[in-house]
Amino acid sequence: MPLVAGVDSSTQGTKIVVRDAVTGAQVRSARAEHPEGTEIDPGVWWEALRRAAGDGLLDGVTAIGVAAQQHGMVALDESGVPVRPALLWNDTRSAGAARDLIAELGGPRAWADAVGTVPVASLTVTKLRWLAEHEPANAARVAQVMLPHDWLTARLTGAAEPVTDRGDASGTGYFSPATGAYRPDLLRLAFGRDLAVPRVAAPADALGPVTAEGMPPIEVVSVGTGDNMGAALGLDARPGDVVVSIGTSGTAFAVAERPTADPSGQVTGFADATGRFLPLVCTLNAARVLSAGAAALGLDRDEFDAAALAAPPGAGGLTLLPYLDGERTPDLPDATGHLTGMTRANLRPGHLARAFVEGLLCGLADGVDALAAQGVPVRRILLIGGGARSAAVRAVAPQVFGRPVLVPSDGEYVADGAARQAAWALAATPEPPEWTATAAPSTYEADPEPVIREQYAAARDTIVPPPTEPATSGATPSAHDTRGQR
Ligand SMILES: Nc1ncnc2c1ncn2[C@@H]1O[C@H](COP(=O)(O)OP(=O)(O)O)[C@@H](O)[C@H]1O
Ligand SMILES: O=C(CO)[C@@H](O)[C@H](O)COP(=O)(O)O
């Protein structure tokens, strides 16, 4: 049986799965951690990949693909050496650059029309501006810019010409998913001059063999993609499915046949890994809200979940706005968390734990509303990512989203998507292979508890300014919307 491997190089770690190319059955898997931080030497990703791939994990593998955290700026000199550590998607130092770039192009709508996305600090284009302004000596040495998955794919193949896909390219801010072409004018606007960028390959292209020293002789490397695009492919998400991922980032996204262009900036109009589109909302605060809450309360994960589940919906009036690392959606890069509604009666560990779980989920429910406002159909919600392993998250999610929530069997869906792309490149078929060896998701149901989102919306609206450009494709701008209480 031919074997394929998928790599997920995400913020907190590298995960690799090896699957049967035909059925998709999982054969083995491994992971290696990344250090904390919002900038990192790309070599650390490579070493993590090699560690995870150790002990013969990739023996017998015929094709491999890499999906990685989106947006990270890997800026390289003439000889392909990084001029500085990569700035990651969750680094907010370029928030001022984002504001400047929006003004210089003529406002948020101009950006949404140009590239489907209004820049925030996460986008590569703003990091290039920051580099040009704050580190001119480094900027002067930059010859080419690429994304984390592009860099890892180039390390695997050793190819002189770096390659990317339209999914990951769509998160740069200088590529239009609607036209499928780079916007070198926007790169120049940000950086002041041209830079070499990777060639955008077709979704199922096969790039050639792995040539990296110390790696097994794998025949085919696929084009790879961004991690959220990888998850959509790994889950085989179809129109009507909204995936809510609780990893380092919180994301809500859906596969769409048409591009989106949300001038309110809440929905980023990305491309997917199959030739379609991937409207997406991303928050900076997700699974680590749970670990921060548990640490503050001196509880382990299970104790934290049990405490949250013992408290009532709405936590007796306690509400957390979980902007612990600043926030991206809503666009509040310098925000901190807010805990409101404290009384002597609700200042108890269980109520606090519940407020952390509810605050995290309400931010993502706002994201689902923002997708719906762009015309994205919401028929099923699929919950994935490390945070979806939490019993409290699984139980509270249907109360917050106001509908049942499906939790696919525990797995690494980003890595699975990269593996499925590798199998696609191997098969050279028009569509990705249908994998049959996937378990049915578990369904979590509960009565909607509108009080949770009402409290959250009231707290949020005291600090979130109304959008300067309202969302246009749907009914209501979501940052001030509690329609998720269906
Ligand atoms: N049972 C659990 N309950 C709550 N959080 C969890 C659980 N298991 C893992 N996590 C959290 O999930 C996060 C990792 O999720 P993952 O989706 O792998 O992130 P990323 O892809 O960004 O590296 C970590 O912050 C970890 O603490
Ligand atoms: O910036 C985004 C999406 O636009 C993030 O979703 C990153 O792609 C990082 O993902 P995780 O490490 O949380 O999976």
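Residues numbered from 1 in each chain as written. Chains lettered and ligands numbered in written order. Predicted model: local features only at pLDDT ≥ 70, side-chain atom pairs only at ≥ 80, totals over all residues. Heavy atoms only, no water.

If you look the protein chain up in an unreviewed UniProt entry, it shows as Xylulose kinase from Marinactinospora thermotolerans DSM 45154. According to UniProt, the comment filed for the protein chain under the heading Function (unreviewed entry) is "Catalyzes the phosphorylation of D-xylulose to D-xylulose 5-phosphate." UniProt, in the comment section headed Catalytic activity (unreviewed entry), describes the protein chain in these words: "D-xylulose + ATP = D-xylulose 5-phosphate + ADP + H(+)". (UniProt positions renumbered as here; feature names shortened; annotations may be inferred.)

A count of helices and strands for the protein chain gives 15 helices and 23 strands. Taken over the C-alpha trace, the protein chain has a radius of gyration of 21 Å; the compact-globule value for 486 residues is 23 Å, and the two agree within 12%. Overall, the C-alpha framework of the protein chain stretches about 65 × 50 × 40 Å when taken along its three principal axes. With 486 residues in all, the protein chain has 60% of them scored as buried. Expressed as a percentage of contacts within the protein chain between residues at least 6 apart in sequence, the contacts between residues at least 24 apart total 73%. Accessible surface, the protein chain: about 17,300 Å² in total, of which carbon and sulfur atoms supply 52%. Here the protein chain contributes 38 positive and 55 negative side-chain charges, whose respective centroids are spaced 2 Å apart. (Helix = DSSP H or I, 4+ residues; strand = E, 2+ residues; numbered from the N terminus. Rg over C-alpha atoms; globule rule 2.2 N^0.38 Å. Buried < 20%, exposed > 50% of the residue type's maximum accessible area, 1.4 Å probe, protein only. Contact = heavy atoms within 4.5 Å. Areas by Shrake-Rupley, 256 points an atom, 1.4 Å probe, with all protein chains shown as cover. Lys, Arg positive; Asp, Glu negative; His and termini not counted. Charge placed at Lys NZ, Arg CZ, Asp CG, Glu CD.)

Turning to the packing of helix 4 (residues 124-134) against helix 8 (residues 184-191), a few remarks are in order. At a closest axis distance of 7 Å, the pairing of helix 4 and helix 8 adopts a crossing angle of 35°. Contacts from V125, L128, R129, L131 and A132 of helix 4 reach helix 8 at L186, L187, L189, A190 and F191. (Axes fitted to C-alpha atoms, helices over the stretch in contact; angles between N-to-C directions.)

Glancing now at the UniProt feature "binding site: substrate" (unreviewed entry) in the protein chain. Here, the residues flagged by UniProt with the feature "binding site: substrate" (unreviewed entry) are Q70 and H71. If you trace the backbone, Q70 turns up in the loop between strand 5 (61-68) and strand 6 (74-76). The class of Q70 is buried, set by a relative accessible area of 4%. Ignoring any residue separated from it by four or fewer positions in sequence, one finds Q70 in contact with W89, D168, G171, G226, D227, N228, M229, F270 and L280. When near neighbours in sequence (up to four residues on either side) are disregarded, H71 contacts W89, S122, L123, T124, K127, L147, D168, G171, F270 and R328.

The set of residues buried in helix 1 (residues 42-52) consists of P42, W45, W46, A48, L49 and A52. Viewed end-on, helix 1 has its buried residues packed into an arc of 160°, placing them on one side of the element. (Arc of directions from axis to C-beta.)

A separate point is the site of ligand 1. Lining the immediate surroundings of ligand 1 are 16 residues, of which Q12, K15, T248, R301 and G386 lie closest. One nitrogen or oxygen atom from the side chain of T248 is found 2.5 Å from an oxygen atom belonging to ligand 1. In this structure, G386 approaches ligand 1 through a main-chain N or O atom, which is 3.0 Å from an oxygen atom. If ligand 1 stood free it would expose 590 Å²; the protein chains cover 83% of that surface. Sorting the residues of the shell around ligand 1 by element identifies strand 2 (13-20) and helix 10 (287-297) as the ones contributing at least two each. In terms of residue class, the shell around ligand 1 is built from two nonpolar, 10 polar and four charged. Taken together, domain 1 (3-228) and domain 2 (236-403 + 435-465) each give at least three residues to the shell around ligand 1, which thus spans both. (Near = heavy atom within 4 Å. Polar contact = N/O pair within 3.5 Å; in protein donor to acceptor, adjacent residues only side chain to side chain. Nonpolar A, V, L, I, M, F, W, Y, C, P; charged D, E, K, R; others polar. Domains from an automatic or database assignment.)

Contact geometry for helix 12 (residues 349-373) and helix 13 (residues 391-401): axes closest at 9 Å, N-to-C directions at 50°. With respect to their mutual orientation, helix 12 and helix 13 come out oblique. In this structure, helix 12 crosses over helix 13, and the sense of that crossing is right-handed. Listed contacts from helix 13 to R354, V357, E358, L360, L361, C362, L364, A365 and V368 of helix 12 are A392, V393, V396, A397, Q399, V400 and F401. Its residues assigned to classes, the contact of helix 12 with helix 13 comprises 13 nonpolar, one polar and two charged. (Parallel < 35°, antiparallel > 145°, perpendicular 65-115°, else oblique. Left-handed = near helix turned anticlockwise from the far one by under 90°.)

Let us now look at the site of ligand 2. Inspection of the region around ligand 2 gives 15 residues, with T11, H71, D227, S249 and R328 positioned closest. Take Q70: an N or O atom from its main chain is 3.0 Å from an oxygen atom of ligand 2. One nitrogen or oxygen atom from the main chain of T248 is found 3.3 Å from an oxygen atom belonging to ligand 2. Within the complex, the protein chains bury 95% of what would otherwise be the 370 Å² of accessible surface of ligand 2.

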